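Below, each chain spelled out in residue letters.
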Amino acid sequence: MAQPGACPGQEDGVRQVTLSMQRLRVLPPAVLGDPALESLDLDRNKLRSIAGISKLCNLKKLILSKNEIVDFPDEIQSLVRLEKLELNQNQIRVIPEGVFCHLPRLKHLRLNNNRLSALPRDLAACRGSLQYLNISNNLFRTFPQPVLQLACLQELHVQNNALRQLPRELFQGQSLKMVKASGNPLREPPSEVCAGGIQQIQNYFSQLQHSSGQEDKRVKTMFLGASLAGKSTICQSLKQGQTKLVPKEERTVGIEISEFQIEDFTFLFWDFAGQLEYYMTHHVFITPQALVILVINLHMYQITDQSFKELVGFWINNLFMRVPNSVVLPVGTHVDCCREEEVEEKRRDIMAKIAAMLVERKSNLAHFIDNLEGSEEPKFYVDQWERLKEMESHTLTILHLVAVNCTDHSDIKKLEATILEHVKKEELFPEVVRVLPPIYRQVEAAIVAIAQSEEMAGHGMMDFQYLLSKLSQRESLASLGRELLQDILRYLHRIGLLVWYEEIKHLESTVFLQPTFLITMFKLLVRYRLVQQLESISVDTLIGEHATIRDRSNWVWTFKSKAMLCHRAVRALVKHQLFSEGMQDVFEEIMGHGPHRGRGKLFSLLKHFELCLEVRHTKALNPQASEFVPGKPWETTQGCDESWYLFPTYLNQTQEVSEVWGGDHPEDLHIRAYFSPEIPEGFFQRFLVKACSFYSTHWVAKVTCLLVCNGKALLIKENNQRAYSYLELRCRKPAGRTGFQFAWDFLVAAVFIVQKLAEAWPGLHVCVKTPCRTAGCPAELIWPDMDGTNTTTKEDVKTCGTCGHRFGAELLLPKVPRPPEQPPAQPSAHYYVTSYGTTTFGSSSIQVNQQVRRLPPPWGRPQGPMLVAKLVLSPRF
């Protein structure tokens, strides 16, 4: 091929040409002159038409993604052998009739990210061949009927359109294996049902066959805001229909849940505590498709940047990251303590600053995207670019601030009317109406009745099988089966009426009919003033746990200094709090039976949400250990020593990590994972739990962590400043090829943990960069996509475009240096100063195999058994 950058060749006997990222505006004559061509990749060019493509009559695969095509190319109908066609991310509005009827072999069709609102009728001509269809991110308001005739369709993507309904006929065949429909204002079936997969959707329609659906108008409403803003007062006043002042001593601890009816709308109120200690668990319950009422104490609010950040900006940023598409109603309280003109001035200031945050976020995303598009090799950043483009399409909807006097009944009624007015707007809440089979409502009503009955314990925990038997005793639910109940519980879990963690092994058989008790379990150990709770444990409780007052003092000291509690301390603390609330009957179930037998439901929850880390202290040698025989299974002997639990959210800053690390060195391998808009509250603590569970030799502090694997140390430090939030990762420069291999594997493993945790915040951007190794040089090299299929670089030398210094690529990116006798594969490349940018990675995998082995204590101090984490990484460098 004469075309620069073309990659002709054969793979598995298929003649193919790749001309991706060549800025082509017309098809090269050399390509059109090869009628034997079977695969042509024209991804990411400037094409508006593909005149002459009909000459390639043997073409089986045609990729035209990310071009500038507006009119669907008619010539495609001549490609009668075509099996794979990708036209995603163009500007196509209409596909004419008479194209697909000439493509009887078409198996794979991507039309996502265009401007389509309909599909041609002749798409049905592919009924015997088409297996994959992606029409997501278009403008479909009704489901395209030709799709229903595709008898061989296995995978369908319709996300992010404007669909209200998925037709029952779509799910009546046997071929369909996957449907992705999130991001649509679905009423039938509701998105909460679609999230359960094909089988749950089929069960849903099966129930509708027996009776007509019923409309359910339900809105989850989340009250957020700083401590003492007045959230509970507003929540209670709305619920009771009159002013209800909540005293300071009765403020929310954790999260409180209640239900409220306005006209024919049911509001499920979630009142979140404002203290920072509780935010570690808040992200678990902050969900999309909800109304967020952001409560602001106008009396406390000052017209300063710091006041805005603490009372408003913190919550807006976290909503950006956690639920970037949510609707937010700011409510100003305590107006009776302010002058009228003061209220108006503060209202304008708050709304102006929030608007500025929205503009800044939009500008930052556009800037990050421009950086990637303007790089010398943008093809290495495709996943990051696509992720940023997706985030660019999401934004918060901020409603006009409502100022209320919580002691004035008319203000409460005004707020109620405002909430109802917004909820009725379909453009704001398109999913507020759901169509449900009658049995869904019947089961829900029966569960509510059981939860409120006198025979039901206050904790509301019930075994799944027992719940099924209780429901089946009702005449109207006599035919209720296990599978249908599972479907209904999943739906009720997703809308927040109850909690059922079927994915947690030790909780899969437990249904929390009262979600507030789940919050009670969290706040037993993740709460405000936990030290005072420890100090107040009664003598009777201590005796019951075979502990003394001296033990209690030691627990308090250890917790203050190391954020750790032993198992007896946890049991005593939980018992003290449960007994004081009259819930002693659930203590053993929550904590497990006996001081060393089982861990109970509480630790299953804390472990699942990465809120604490179990740390075992055992002796260096165990005389009772079984003999090791090579080739035979080796079971470790469980020691009787007491377990300890680390709670990272309570860690203080200490010098121990710095002393063990010994200080940074210019020769260290050094990377940074940048976050935008900031590192979420509790993120670093969750990272500590996850990382330290892989590497049992570690030192931790509030914003630093030192991991050790095979005697090699990796330092992670958090820096969370506005517009400059990052995790810094360092390890010592290794010697030799094997050393580089291990060092980069270690660093990449930590990066993958960060990536996995970041998935819980859909609006969070993470971008990994390597700073230039020249002292004082501000240049940073953005890491390319890491999708598990390619190495980060094939170059042996990188040259900084800012300072001009040259470095071995293995000092900047995951790479093993070549043996000296081999010449460099490519000339050096340049990199330049980049603006702060953020993104996420593509799919990767970490396979962790854990086993306990006796090793010599590293770092010159005694250690227990070391947990050796064997990391199988993809990609390998």
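Data block above holds the structure.
Residues numbered from 1 in each chain as written. Predicted model: local features only at pLDDT ≥ 70, side-chain atom pairs only at ≥ 80, totals over all residues. Heavy atoms only, no water.

**Here's the deal with unusual backbone geometry**
Of the consecutive residues E188 and P189, the connecting peptide bond is found in the cis state with omega at -10°. As for its position among the elements, P189 is in the loop between strand 9 (178-180) and helix 2 (191-194). With an omega dihedral of 10°, the bond running from S676 to P677 counts as a cis peptide bond. By the secondary structure assignment, P677 is in the loop between strand 23 (669-676) and helix 21 (683-694). Located in the positive-phi region is N137, a residue other than glycine, with phi close to 55°. Judged by relative accessible area, N137 falls into the partly exposed class, the value being 30%. Even without a glycine there, the phi angle at A563 is positive, about 60°. On the secondary structure map, A563 appears in the loop between helix 16 (549-562) and strand 20 (564-566). (Helix = DSSP H or I, 4+ residues; strand = E, 2+ residues; numbered from the N terminus. Buried < 20%, exposed > 50% of the residue type's maximum accessible area, 1.4 Å probe, protein only.)

**Observations regarding the packing of helix 6 (residues 305-322) against helix 7 (residues 340-373)**
Orientation of helix 6 relative to helix 7, taken along the N-to-C sense of each, is 45°, at an axis distance of 11 Å. For the element pair helix 6 / helix 7, the angle class is oblique. Considering how the two elements wind past one another, helix 6 and helix 7 form a crossing that is right-handed. Where helix 6 approaches helix 7, its residues D305, F308, V312, G313, I316, N317 and F320 are matched on the opposing element by I350, K353, I354, M357, L358 and R361. Within the contact of helix 6 with helix 7, the residues separate by chemical class into eight nonpolar, two polar and three charged. (Axes fitted to C-alpha atoms, helices over the stretch in contact; angles between N-to-C directions. Parallel < 35°, antiparallel > 145°, perpendicular 65-115°, else oblique. Left-handed = near helix turned anticlockwise from the far one by under 90°. Contact = heavy atoms within 4.5 Å. Nonpolar A, V, L, I, M, F, W, Y, C, P; charged D, E, K, R; others polar.)

**A word on a nonpolar patch on the surface**
Residues V539, I543 and I549 make up a contiguous nonpolar surface patch of about 270 Å² in total accessible area. With respect to the helices, strands and loops of the structure, V539 is situated in helix 15 (residues 539-544). (Patch = residues over 30% accessible without salt bridge, like charges linked within 9 Å, V, L, I, M, F, W, Y side chains within 5 Å. Areas by Shrake-Rupley, 256 points an atom, 1.4 Å probe, with all protein chains shown as cover. Salt bridge = Lys/Arg side-chain N within 4 Å of Asp/Glu carboxyl O.)

**What about the packing of helix 4 (residues 231-240) against helix 9 (residues 409-423)?**
Contact geometry for helix 4 and helix 9: axes closest at 10 Å, N-to-C directions at 85°. Relative to helix 9, helix 4 is oriented roughly perpendicular. The segment helix 4 lies against helix 9, with I234, S237 and L238 engaging I412, L415, E416 and I419. Here the residues of the contact of helix 4 with helix 9 sort into five nonpolar, one polar and one charged.

**Focus: the packing of aromatic side chains**
For the structure shown, the criterion picks out 24 aromatic pairs. Ring centres of Y695 and F746 lie 5.0 Å apart, and the angle between their planes is 50°; on these two criteria the pair is classed as tilted. Separated by 51 residues along the polypeptide, Y695 in the loop between helix 21 and strand 24 (697-700) and F746 in helix 22 (residues 736-758) bring together distant segments of the chain. Of the residues examined, F746 reaches a relative accessible area of 3% and is grouped as buried. Within the aromatic cluster, the residues linked to one another by ring pairs are F171, Y204, F205, Y440 and Y491. We note R732 situated over the ring of W661; from NZ or CZ to the ring centre the distance is 3.7 Å. (Phe/Tyr/Trp six-rings, centres within 6.5 Å; stacked < 30°, edge-to-face > 60°. Lys NZ or Arg CZ within 6 Å of the ring centre and 35° of its normal.)

**Looking at the environment of Q131**
As for its placement among the helices and strands, Q131 is situated in the loop between strand 6 (108-110) and strand 7 (132-134). We classify Q131 as partly exposed; its relative accessible area is 33%. Measuring from C-alpha to C-alpha, the distance between Q131 and Q154 comes to 5.0 Å, with 23 residues separating the pair along the chain. The contact partners of Q131, leaving out residues within four places of it in the chain, are K107, C152, L153, Q154 and E155.

**Focus on the environment of V328**
Tracing the chain through its elements places V328 in strand 14 (residues 327-333). We classify V328 as buried; its relative accessible area is 1%. Excluding residues that lie within four positions of it along the chain, V328 makes contacts with V292, L294, L319, L396, T397, I398 and L399.

**Concerning helix 6**
A bend of about 50° at V312 is the largest found in helix 6. Most of helix 6 is tucked away: 14 of the 18 residues are buried. (Bend = angle between axes of the 7 residues up to and from the residue.)

**Section: the side chain of T774**
By secondary structure assignment, the location of T774 is in the loop between strand 28 (765-771) and strand 29 (780-782). Residue classification places T774 among the buried positions, given a relative accessible area of 16%. Within the structure, T774 has its side chain in polar contact with the side chain of H805 (distance 2.8 Å). When residues no more than four places from it in sequence are discounted, the contact partners of T774 are C803, H805 and F807. (Polar contact = N/O pair within 3.5 Å; in protein donor to acceptor, adjacent residues only side chain to side chain.)

**Some thoughts on helix 11 (residues 464-472)**
Looking at helix 11, one finds that the buried residues are F464, L467, L468, K470 and L471. Projection of helix 11 onto a plane perpendicular to its axis shows the buried side chains occupying an angular sector of 165°, all on one side. (Arc of directions from axis to C-beta.)

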